[in-house]
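Given next are the chains, with one letter for each unit.
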Amino acid sequence: MHVERSIGNLHSLLPKHLEKKMTARRSAIRCFSILISSAVAVYAFAQTPKPEFKPEVGQSGKDVVWVPSPQELVDKMLDMAGVTLKDYVIDLGSGDGRTVITAAKRGARALGVEFNPDMVALSRRNAAAAGAGDKATFVEADIFRTDLSQATVITLFLLTELNLRLRPTILSLKPGTRIVSNTFRMGEWEPDQTAELGCDTYCTAYMWIVPARVDGRWKTAQGELTLKQEFQKVSGTLTSGNVAAPISKGSLRGDQIRFTAAGAEYRGRVNGETIEGTLKSAGNPGSWKATR
């Protein structure tokens, strides 16, 4: 009993500084054990595979809910734009990537701009599975802050109000750039071409061609040409001396302009501040040039 009491009282007989060291050591061991347990738990959680993202029709996005374009309409839109391997296609709000992938499989370089990172990752997987990964790329970005200047074709499946927000930027692009949209239009800017598939919803494709900017006064050998432009429609007068002949049948298709004035038919190509082309008057061909 004496020995047991001695051992039991050993702790009380230790010097204070040794007692404190032993207590601190026990505390450190407990903290270390907690840290190890926490690290093991975090590692186990990190190793748990994340479920693969699957989009749902109607899921919310930054600007619109997601509804996939019917593949038949995607094909039609790209047909209308005449997409070839020479084109650079930008799809704004690219969703699961089907429009970009379809364009890439036609040989075009194609970029999808999508705000949802899960959709971007899904698009990249879809492109790889379709064997289009070398020409189809996707970025997580805001469509209103994306540089569109290099595009030859822009595809859209947005709401009308979003198209209208994009319209000033689109009209500043290089003349001849083709814009195709699923269902939604550009306000008073009339489409150059419309196609109906005849199904129930989201079955209409519209195409616009960015027109050259010709509004203003031009000098020609035939007189002063005053042009008024409303998107791809052109009106105005051709003034020679005291005679002002009204322009009729005026139109723009990209950088190509045509109109009739004073009985002559004019056709030309707009190149910045110059227009050059051919005219036909009383059955006789000729050439004309205008500068401003």
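So, here's what we can say about the structure. All residue numbers refer to positions counted from 1 along the written sequence of the respective chain. Owing to the predicted nature of the model, reporting of local features is limited to residues with pLDDT of at least 70; listing and counting of side-chain atom pairs is limited to 80 or more, with chain, interface and lining totals taken over all residues. Each side-chain value is derived from all of the structure's non-hydrogen atoms; neither hydrogens nor water enter the calculation.

Think of it this way: a Phe, Tyr or Trp ring, Trp meaning its six-membered ring, pairs with another when their centres are within 6.5 Å, and the plane angle makes it stacked under 30 degrees, edge-to-face over 60, tilted otherwise. Going through the model one piece at a time under the given rule, you end up with eight aromatic pairs. Relative to Trp288, the ring of Phe259 lies with its centre 5.7 Å away and its plane at 85°, an arrangement referred to as edge-to-face. Of this pair, Phe259 sits in strand 13 (residues 256-261) while Trp288 sits in strand 16 (residues 284-291), placing them 29 residues apart in sequence. Through a chain of ring-to-ring contacts, the aromatic side chains of Trp189, Tyr206, Trp208 and Phe231 assemble into a single cluster. We call a charge positioned over a ring when the NZ of a Lys or the CZ of an Arg lies within 6 Å of the ring centre and within 35 degrees of the ring normal. One cation-aromatic arrangement involves Arg109 over Tyr88; the distance from NZ or CZ to the ring centre is 4.2 Å. Of note, Arg165 hangs over the ring of Phe144, and the distance from its end group to the ring centre comes to 3.7 Å. Secondary structure elements follow DSSP: runs of H or I of four or more residues count as helices, runs of E of two or more count as strands, with numbering from the N terminus.

Patch definition: residues with relative accessible area over 30% and no salt bridge; like charges joined within 9 Å; nonpolar side chains (Val, Leu, Ile, Met, Phe, Trp, Tyr) joined within 5 Å. For every accessible area listed, the method is Shrake-Rupley and the probe measures 1.4 Å; residues are considered covered only by the protein chains on display. Note on definitions: salt bridges are taken to be side-chain nitrogens of Lys or Arg within 4 Å of carboxyl oxygens of Asp or Glu. A positive count includes Lys and Arg, and a negative count includes Asp and Glu. His and the chain ends are not counted in either. Positions of charges follow a simple convention, taking NZ of Lys, CZ of Arg, CG of Asp or CD of Glu. A grouping of Lys249, Arg258, Arg267 and Lys280 is seen on the molecular surface, where their side chains present a positively charged patch. Residue placement: Lys280 occurs in strand 15 (residues 274-281).

A few words now on the side chain of Glu114. As for its position among the elements, Glu114 is in strand 2 (residues 109-114). A residue is classified by how much of its surface remains accessible, and Glu114, at 13% relative accessible area, is buried. Of the polar contacts made by the side chain of Glu114, one reaches the backbone nitrogen of Gly95; its length is 2.9 Å. Two residues form a contact once any of their heavy atoms are found within 4.5 Å. Aside from chain neighbours lying at most four places away, what touches Glu114 is Gly93, Ser94, Gly95, Met119, Val120, Val139, Glu140 and Ala141. Under the scheme applied here, a residue whose accessible area is under 20% of the maximum for its type counts as buried, over 50% as exposed, and between as partly exposed, the area being computed with a 1.4 Å probe on protein chains only. Polar contact is the term for a pair of N or O atoms within 3.5 Å; when the atoms are in protein, one must be able to donate a hydrogen and the other to accept it, and sequence-neighboring residues count only if both atoms are side-chain atoms.

Further remarks concern the sheet that holds strand 6 (residues 193-196). When DSSP locates at least two bridges between a pair of strands, those strands are taken to pair. Strands sit in the order 3-2-1-4-5-7-6 across an open sheet of seven strands; the sheet is mixed. Lying at the two open borders of the sheet, with one neighbouring strand each, are strand 3 (136-140) and strand 6. Strand after strand, the sheet turns through a mean of 15° between neighbouring axes, direction not considered. Pairing of strand 6 with strand 7 (residues 204-209) involves four bridges; the strand directions are antiparallel. Among the inter-strand pairings, Thr194 is bridged to a residue of strand 7, identified as Tyr206. Where helix 6 (residues 117-129) meets the sheet, its contacts fall on strand 2 and strand 3, and the angle it forms with strand 3 comes to roughly 170°. Fitting a line to C-alpha atoms yields each axis, with helices limited to the stretch in contact; the angle taken between N-to-C directions then spans 0 to 180 degrees.

For Asn163, the location among the structural elements is in helix 7 (residues 160-171). When its relative accessible area of 0% is taken as the criterion, Asn163 is described as buried. The residues touching Asn163, leaving out its near neighbours within four places in the chain, are Leu156, Leu158, Ser181, Phe184, Arg185 and Met186.

Counted according to the given criterion, the structure contains seven salt bridges. A salt bridge links Arg178 to Asp87; the shortest N-O distance between them is 2.9 Å. Highlighted residues: Arg178 in strand 5 (residues 178-182) and Asp87 in the loop between helix 4 (71-81) and strand 1 (88-92), separated in sequence by 91 residues. Accessibility expressed as a relative area gives 8% for Asp87, which makes it buried.

Their axes nearest at 10 Å, the elements helix 4 and helix 5 (residues 98-105) cross at an angle of 50°. It follows from the interaxial angle that helix 4 and helix 5 lie oblique. By crossing handedness, the relation of helix 4 to helix 5 is classed as right-handed. Only Arg98, Thr99, Thr102 and Ala103 of helix 5 make contact with helix 4, whose side of the interface consists of Gln71, Val74, Asp75 and Leu78. Side-chain classes follow a simple rule in which Ala, Val, Leu, Ile, Met, Phe, Trp, Tyr, Cys and Pro form the nonpolar group, Asp, Glu, Lys and Arg form the charged group, and the remainder, Gly included, forms the polar group. A per-class count over the contact of helix 4 with helix 5 returns three nonpolar, three polar and two charged. Our angle categories are set so that under 35 degrees counts as roughly parallel, over 145 as roughly antiparallel, 65 to 115 as roughly perpendicular, and the remainder as oblique. Note on convention: near helix rotated counterclockwise from far helix by under a right angle means a left-handed crossing. Clockwise means right-handed.

Taken together, the five bridges between strand 8 (residues 216-220) and strand 9 (residues 223-230) define a ladder with antiparallel strand orientation. Among the inter-strand pairings, Lys219 is bridged to a residue of strand 9, identified as Glu224. The antiparallel pairing of strand 8 with strand 9 creates a hairpin that spans two residues between the two strands. Examined bridge by bridge, strand 9 and strand 10 (residues 233-240) share seven bridges and lie antiparallel to one another.

Moving on, we come to unusual backbone geometry. Note: most peptide bonds trans; most residues except glycine with negative phi. At Lys249, a residue that is not glycine, the phi angle is positive and equals roughly 55°. Relative to the helices and strands, Lys249 resides in strand 12 (residues 248-253). One non-glycine residue with positive phi stands out, namely Ala262, at about 55°. Examined against the element boundaries, Ala262 turns out to sit in the loop between strand 13 and strand 14 (264-271).

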